[in-house]
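Working through the structure, step by step
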Amino acid sequence: MAATVRRQRPRRLACWALMAVLLADLLALSDTLAVMSVDLGSESMKVAIVKPGVPMEIVLNKESRRKTPVTVTLKENERFFGDSAASMAIKNPKATLRYFQHLLGKQENNPHVALYRARFPEHELGFDPQRQTVYFQISPQLQFSPEEVLSMLLNYSRSLAEDFAEQPIKDAVITVPAFFNQAERRAVLQAARMAGLKVLQLINDNTATALSYGVFRRKDINSTAQNIMFYDMGAGSTVCTIVTYQTVKTKDAGMQPQLQIRGVGFDRTLGGLEMELRLREHLAGIFNEQRKGQRAKDVRENPRAMAKLLREANRLKTILSANADHMAQIEGLMDDVDFKTKVTRAEFEELCADLFERVPGPVQQALQSAEMKLDEIEQVILVGGATRVPKVQEVLLKAVGKEELGKNINADEAAAMGAVYQAAALSKAFKVKPFVVRDAAIYPILVEFTREVEEEPGVRSLKHNKRVLFCRMGPYPQRKVITFNRYNHDFNFHINYGDLGFLGPEDLRVFGSQNLTTVKLKGVGESFKKYPDYESKGIKAHFNLDESGVLSLDRVESVFETLVEDSPEEESTLTKLGNTISSLFGGGTTQDTKENGTDTVQTAAVQMPAANFHTVVFCLPQAVSWAEEEEGPAEGSKAEPGEQAEPREEAEAPTDDTSPPPPPEPKGDAASEGEKAAEKDKGEKPEAQKPNEKGEAGAEGVPPAPEEEKKQKPARKQRMVEEIGVELVVLDLPDLRQDELARSAQKLQDLTLRDLEKQEREKAANSLEAFIFETQDKLYQPEYQEVSTEEQREDISGRLHAASTWLEDEGFGATTVMLKEKLAELRKLCQGLFFRVEERKKWPERLSALDNLLNHSSMFLTGARLIPEMDQIFTEVEMTTLEKVINETWAWKNATVAEQAKLPATEKPVLLSKDIEAKMMALDREVQYLLNKAKFAKPRPRPKDKNGTRAEPPLNASASDQGDKVIPPAGQTEDAKPISEPEQETRSEPADSEPLELGGPAAESEQKEQPTGQKPTLKNDEL
């Protein structure tokens, strides 16, 4: 027993240590459980968070607004963000950057770069020859790329979220336009990496809006498909999306709602900004006409005046959405000349007539990509701020042919709420109701390669091949594998965009390079030399289109296979006995299973026609992937090694498999080998298959082999995987190198530290200035004059005036440490004055509380002494101690108050509030001790009569009547014994649960006087 206990102690200690570590981890994680989302619009952004106890909530900025302008002002020594930067746009338009997202992922020759220069000529754009991109040249010393500016804004949004959540946040989901290509998405990820954010996902803003709509309408989604169109016109662009909602059966959670992106159409430049620019140009023309005879300069040459006109145009657009006309007016537009003119809604609609004609375009694109008709759309819902323009709604309503447009969604915050729901779902700290999201890739991606073919004997030529990797509107995230069978040396292949015929000529120019990456493989020939006796299964390239829609090449492997024969082994007697018993219970291999294995292998041997060099690509709606061979064998001919097509693919389906089941896959050699190849790690990884998976059973009708032949183990396949070196050459937009990325991150971190130091210095200066003004005002208040002399006040006033003069003359160059030291010096000077005033303010309340406590304590002590000796629960020592404390407190109070009355008000007081509180705590501690004792004490037992029962006088009986006899109940004689409580009821309550009894020595003596064999009789109140 002792040995068992000794063995259990280390286990218990280990368990307790493990629990302590887990608890510490949980406490550490609880500080960083919040996640955030950032809805990056062209004009404004919305930030939302989820944290324990706070569901999805929009973050308020420092001005208590729910949306923040996407504006950054960069000066030599300071930065401004949001509303502060927007107000600086008029004072310093060159240093105020807006709509810079339009430059992300764009090279210098992109039409959008030229459009940005035309819209905002005040900004100087430099050229980066290494990446062929542009950057903002604020000054000769200040230059920032669009990714760095976006990183500053993301860092600012995180600071807003952290202030709102009151804890650090690192995980985020960021929205991007659905039409962003690979270069633009990578640029956003690089900006987030500079800001130190961990991006859980880049979610398309139309998908986030659809998710928000579905989350708040879960009960309305059923197995019947509902097609909803979302028309989102923001400040910079327009996106139309067709979404299908329905419930589907998932693997883990049963029937759950799902949204599927069916079609997407967009216009990159159709939005509220273009309308405002038209209005600005109109107002500038009117202002020039008004000053035509004054030989004034063109207002378009003045950046500040144009910034004022753009702000007024934004206000006009908003007001004209609800009014037929409005008066535009700007004070001091240029050269101290005021501007005022009347603008009507008809004039505004005429200015933007060509823009309104483009409103139906995204609708038609979305219907074509979804292969649907307008009759199949149940509802059209408006999203985005520009959809509030009446003419937009009128044209759109006519284009979709509906009775009305849906406005039952928050047009500004829907994307942010949907993104933060996705962030909570992706985070491990939260558990949300499943909502399956199936996004779609807008741009197809294919693989191109060239190889030599021999069309005629002795004549070799090059043939260019294309394989569609991810088709248009195909679901993602998804993984795919392509196998190259005809290469035994190093070769290259290219990853490019597929057919972009759905884009117009102008959109193609804006799109940029259609070539993504050139992949150079190194080590293919060495792998063949390393395994000369093995059969090649091809070069397999593993691709991944992740949750953010970013394509990556995970790895490239060279796969080899061979047959390995094991030497025959003599079966032991126990082995034979085990085989016999297992066969009796159905464990042996029957003829049916052998036939099934043969059929499986035969099914797996799929041959493809030799003329069809382009492998057939099935663009299924399921979130599954496939493997593709370079080419198949000739039809009807015997398949050569490496020419069989693998009918499997490496699939990375979503967590919830919501798609219909794919066709049954063969389970023979091809299927099992392909699956095992996808699961191999890097390097050489041999693996042997089990005999029952090889399909090498005998043919149907062949009798079982003799027992001697069973001893011979069948040959097994051994697979070797050799990793191939990969060199990637990015063709669309080169990413920042690691050293450049680290340098940019360090530069932004230095700017952040500089801003924090500036804020700290401003806070110290404001505190010093506030202290000087408040103290100077207090010196003239009666309560401060009462406790100070004229000389003391003059000394303090002189020091304060000197500090104020120093702050005005030299404070601008003073450091934070100097300001804090000056403030500490002044506080020390005024410490005595403030102390005397505060003490006099506290005296009335503290003395009144002390008097009340003394009075109540004296009354309690008097009542305690009146308790009869038989029922007394307090000892004489306890009551004497309380009386001593009361008397000492009274004496201290009277003496101290008298002494304080003799002192002048300008001296340090002897009656201190902290001393009064200490006396009250000591007295209260004694009283509470006695009160707790009375609360848990039990009444003492009464004396017994001759029959051994306790005498219980009536409630109204006097003390002299307590000795009378007890009248027995009817039907019972006086000599009868009292009825005692059953033993099982007496023992029903365990001893541990009894309350603590504070009985004295008398109670113990009475317990000892009871006979050993007699059970105590309980009173009625003790039953």
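These numbers were taken from a predicted model, which means no experiment stands behind them.

Some words on the nonpolar core
- If you look at the biggest cluster of nonpolar residues, it comprises 130 residues, and the most contacted ones within it are Leu 154, Phe 230, Tyr 245, Phe 484, Phe 493 and Phe 543.
- Each residue touching Phe 230, except ones within four places of it in the same chain, is listed here: Thr 209, Ala 210, Tyr 213, Val 239, Cys 240, Thr 241, Val 243, Tyr 245, Ile 381, Val 383 and Ile 409.
- In this structure, Phe 287, Ala 328, Val 359 and Leu 382 belong to the second largest nonpolar core, which totals 44 residues.

A look at unusual backbone geometry
- Residue Pro 477 is bonded to the preceding Tyr 476 through a cis peptide linkage, with omega at 10°.
- Relative to the elements of secondary structure, Pro 477 occurs in the loop between strand E22 (474–476) and strand E23 (478–484).
- Although it is not a glycine, Ser 64 adopts a positive phi angle of roughly 60°.
- The topology assignment puts Ser 64 in the loop between strand E3 (54–58) and strand E4 (68–69).
- Judged by relative accessible area, which is 55%, Ser 64 ranks as exposed.
- A positive phi angle, close to 55°, is found at Asp 335, a residue other than glycine.
- Relative to the helices and strands, Asp 335 resides in the loop between strand E16 (325–334) and strand E17 (337–344).

Section: the packing of helix H2 (residues 82–91) against helix H8 (residues 303–320)
- Contact pair H2 / H8: the axes reach a minimum separation of 7 Å and the direction vectors enclose 135°. As far as their axial angle goes, H8 and H2 are oblique. Contact residues: H2 offers Ala 89, Ile 90 and Lys 91, while H8 offers Arg 304, Ala 307, Lys 308 and Arg 311.
- Its residues placed into classes, the contact of H2 with H8 shows three nonpolar, no polar and four charged.

As for the sheet that holds strand E30 (residues 725–730)
- Strand order in the open sheet formed by five strands is E21-E20-E24-E25-E30, with antiparallel pairing between adjacent strands. Two strands in the sheet have a free side with no partner beyond their single neighbour: strand E21 (459–470) and E30. Here the strands of the sheet are splayed against their neighbours by 25° on average, with no regard to which way each runs.
- Where strand E25 (residues 515–522) and E30 come together, six bridges link them in antiparallel fashion. When the sheet's bridge partners are listed, Lys 522 is paired in E30 with Gly 725.

Considerations on the packing of aromatic side chains
- A full pass over the atoms with the stated rule returns 26 aromatic pairs.
- With 5.3 Å between their ring centres and 70° between their planes, Tyr 531 and Tyr 534 make a pair best called edge-to-face.
- Residue classification places Tyr 531 among the buried positions, given a relative accessible area of 8%.
- Feature note: the residues Phe 449, Phe 484, Tyr 487, Phe 491, Phe 493 and Phe 543 constitute an aromatic cluster, connected by ring pairs.
- Between the NZ or CZ atom of Lys 778 and the centre of the ring of Phe 834, over which it lies, the distance is 4.9 Å.

Points about the pairing of E3
- Where strand E2 (residues 44–51) lies against E3, three bridges are found, and the strand directions are antiparallel. Its bridge partner lying in E3, Ile 49 is registered against Glu 57.
- The antiparallel hairpin formed by E2 and E3 contains two residues in its connecting segment, where Gly 53 sits at a positive phi of about 90°.

Regarding the pattern of salt bridges
- Counted under the stated rule, the structure contains 47 salt bridges.
- Arg 131 serves as the salt-bridge partner of Glu 147, at 3.8 Å between the closest nitrogen and oxygen. Here Glu 147 is found in helix H4 (residues 146–165), whereas its partner Arg 131 is found in the loop between strand E8 (125–128) and strand E9 (133–137), with 16 residues between them in sequence. In terms of burial, Glu 147 and Arg 131 fall into one category: buried.
- Between Glu 561 and Arg 719 there is a salt bridge; the shortest N-O distance is 3.0 Å. Of this pair, Glu 561 sits in strand E27 (residues 551–564) while Arg 719 sits in strand E29 (residues 716–723); the two residues are 158 residues apart in sequence, bridging distant segments of the chain. Pair check on accessibility: Glu 561 and Arg 719 agree, each one buried.
- In this structure, a network of salt bridges that share partners links the residues Glu 535, Lys 537, Glu 561, Lys 717 and Arg 719.

Describing the pairing of strand E12 (residues 198–204)
- Here six bridges tie strand E11 (residues 171–176) to E12, and the two strands are oriented parallel to one another. Along E12, the bridge assignment pairs Asp 171 with Lys 198.
- Note that the unit made of E11, helix H5 (residues 182–194) and E12 has a crossover that is right-handed.

A closer look at the sheet that holds E8
- Read across the sheet, three strands follow the order E8-E9-E10 without closing on themselves; strand pairing throughout is antiparallel. Two strands lie at the open edges of the sheet, namely E8 and strand E10 (143–144), each paired on one side alone.
- Pairing of E9 with E10, which is carried by two bridges, proceeds in the antiparallel orientation. Paired with Phe 136 across the strands is Phe 144, a residue of E10.

Here we look at the side chain of Glu 312
- In this fold, Glu 312 is placed in helix H8.
- With relative accessibility at 8%, the residue Glu 312 sits in the buried group.
- Polar contacts involving the side chain of Glu 312 include one to the main-chain amide nitrogen of Gln 329, which spans 3.5 Å.
- Contact partners of Glu 312, with chain neighbours within four places excluded, come to Leu 283, Met 327, Ala 328, Gln 329 and Ile 330.

Re the confidence of the model for the protein chain
- Scored by pLDDT, the protein chain comes out at a mean of 78, with 74% of its residues at no less than 70.
- Note on residues 21–31: pLDDT is under 50 here. Beyond four places in sequence and across chains, it has three contacts.

Overview of the packing of H4 against helix H20 (residues 738–778)
- Running from N to C, H4 and H20 cross one another at 45°; their axes reach a closest spacing of 11 Å. Between H4 and H20, the angle falls in the class oblique. Remark: the crossing between H4 and H20 carries right-handed chirality. Listed contacts from H20 to Glu 148, Ser 151, Met 152 and Asn 155 of H4 are Ser 744, Lys 747, Leu 748, Leu 751 and Thr 752.
- In terms of residue class, the contact of H4 with H20 is built from three nonpolar, four polar and two charged.

Focus on helix H11 (residues 361–370)
- For H11, the full list of buried residues reads Pro 362, Val 363, Ala 366, Leu 367, Ser 369 and Ala 370. Taken down its axis, H11 places every buried residue within 165° of arc, on the same side.
- The elements touched by buried residues of H11 are strand E13 (226–233), strand E14 (238–250), strand E15 (254–267) and helix H12 (390–400).
- Glu 371 occupies a position one or two residues after H11 and carries a positive phi of about 55°.

Parameters and conventions
Residues numbered from 1 in each chain as written. Predicted model: local features only at pLDDT ≥ 70, side-chain atom pairs only at ≥ 80, totals over all residues. Heavy atoms only, no water. Core = buried A, V, L, I, M, F, W, Y, C linked by side-chain atoms within 4.5 Å. Buried < 20%, exposed > 50% of the residue type's maximum accessible area, 1.4 Å probe, protein only. Contact = heavy atoms within 4.5 Å. Helix = DSSP H or I, 4+ residues; strand = E, 2+ residues; numbered from the N terminus. Axes fitted to C-alpha atoms, helices over the stretch in contact; angles between N-to-C directions. Parallel < 35°, antiparallel > 145°, perpendicular 65-115°, else oblique. Nonpolar A, V, L, I, M, F, W, Y, C, P; charged D, E, K, R; others polar. Pairing = 2+ DSSP bridges. Phe/Tyr/Trp six-rings, centres within 6.5 Å; stacked < 30°, edge-to-face > 60°. Lys NZ or Arg CZ within 6 Å of the ring centre and 35° of its normal. Salt bridge = Lys/Arg side-chain N within 4 Å of Asp/Glu carboxyl O. Right-handed = clockwise from strand over helix to strand, strands pointing away. Polar contact = N/O pair within 3.5 Å; in protein donor to acceptor, adjacent residues only side chain to side chain. pLDDT = per-residue confidence, 0-100. Left-handed = near helix turned anticlockwise from the far one by under 90°. Arc of directions from axis to C-beta.

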